[in-house]
Amino acid sequence: MSKCEQCIVREFSSLKALTKDELLKISDCKTSHIIKKGEVIFEEGENVNGIYCIKDGICKLTKLSANGKDHIVKLVTKGELLGQRSMISEEPVNLSAVALEDMQVCFIPKTEVMGFFDKNNQFSMNVMKSICGDLRDADDHMVNLAQKTVKERLAEVLLYLHDTFGKNEDNSLKVQLSRDELASMIGTATESCIRLLSDFKKLELIELSGKKIVLKDISKLKKISRTV
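This is a predicted model, so every value here is computed, not measured.

Cut-offs used in this document
- Residues numbered from 1 in each chain as written.
- Predicted model: local features only at pLDDT ≥ 70, side-chain atom pairs only at ≥ 80, totals over all residues.
- Heavy atoms only, no water.
- Pairing = 2+ DSSP bridges.
- Helix = DSSP H or I, 4+ residues; strand = E, 2+ residues; numbered from the N terminus.
- UniProt positions renumbered as here; feature names shortened; annotations may be inferred.
- Buried < 20%, exposed > 50% of the residue type's maximum accessible area, 1.4 Å probe, protein only.
- Arc of directions from axis to C-beta.

1. Notes on the pairing of strand 5 (residues 70-77)
- Bridge count for strand 4 (residues 58-64) against strand 5 is 7 bridges, and the pairing is antiparallel. By the bridge assignment for strand 5, K63 is matched with H71.
- In this structure, the hairpin formed by strand 4 and strand 5 is closed by a connection of 5 residues, where G68 is found at a positive phi of approximately 85°.

In structure tokens form, the structure reads like this:
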């Protein structure tokens, strides 16, 4: 089991502010888990009582809507922490986390983490900045849903997947989402998403092969998404 002070992942999260002694304490109390693709890390409404540090892999954070469908709120990858907000607010988590690929995660109990809030101001500030960033992203997403067309939102999400998670050797997007999942991210029906992907293919903006998507004309996708 790797030690927290030797784990490069901590450099990308709030944990980077912790001292060597604090990291040693975490190493002694954390538990490491392998989460298989499709498995649930935690479910909406659950009391998590700690935070998860993602060592490797990608998961989706989803919210159950009134019509019973899961809506993808965010994709989260290595170096990020899950459960910070509910730990501080002392409320059950308001999102579910599901692995999109095999993952390695470490769970750190709340009792240990909260002790650092009183003793390490930089750590508590980092956690607050992270939560503020999530709120900013949520605001941006809400505005996009209100002001952008579904076509513009699809182009934006494809660019986001490309820029954030990268490509495979065959140039396809590394994160392979189902049509349902893509539709969930852009806030539309699956049928509309499938139709738009077909339109993008006809315009030679993308290539499709099953769940694989290759972006062929990034500059035009940027113009459609209005990010230029």
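2. A short note on the UniProt feature "domain: Cyclic nucleotide-binding" (unreviewed entry) in the protein
- The feature "domain: Cyclic nucleotide-binding" (unreviewed entry), as annotated in UniProt, sits at residues 14-110 in this numbering.
- Annotated as residues 14-110, this span is 18% helix and 44% strand, and its ends, taken at the C-alpha atoms, are 15 Å apart.

3. What about helix 3 (residues 110-119)?
- Residues of helix 3 that are buried: V113, F116 and F117. End-on, the buried residues of helix 3 take up no more than an arc of 110°, which puts them together on one face. When the buried face of helix 3 is taken as reference, the exposed residues oriented beyond 90 degrees from it are T111, D118 and K119.

4. Observations regarding the sheet that holds strand 6 (residues 81-82)
- Spatially, 1-8-3-6 is the arrangement adopted by the 4 strands of the open sheet, whose pairing is antiparallel. This sheet does not close on itself; its edge strands, each paired only once, are strand 1 (31-35) and strand 6.
- Summarising the sheet, strand 3 (residues 50-56) and strand 8 (residues 103-109) pair through 6 bridges and their orientation is antiparallel. Note on strand 8: the bridge partner recorded for I51 is I108.

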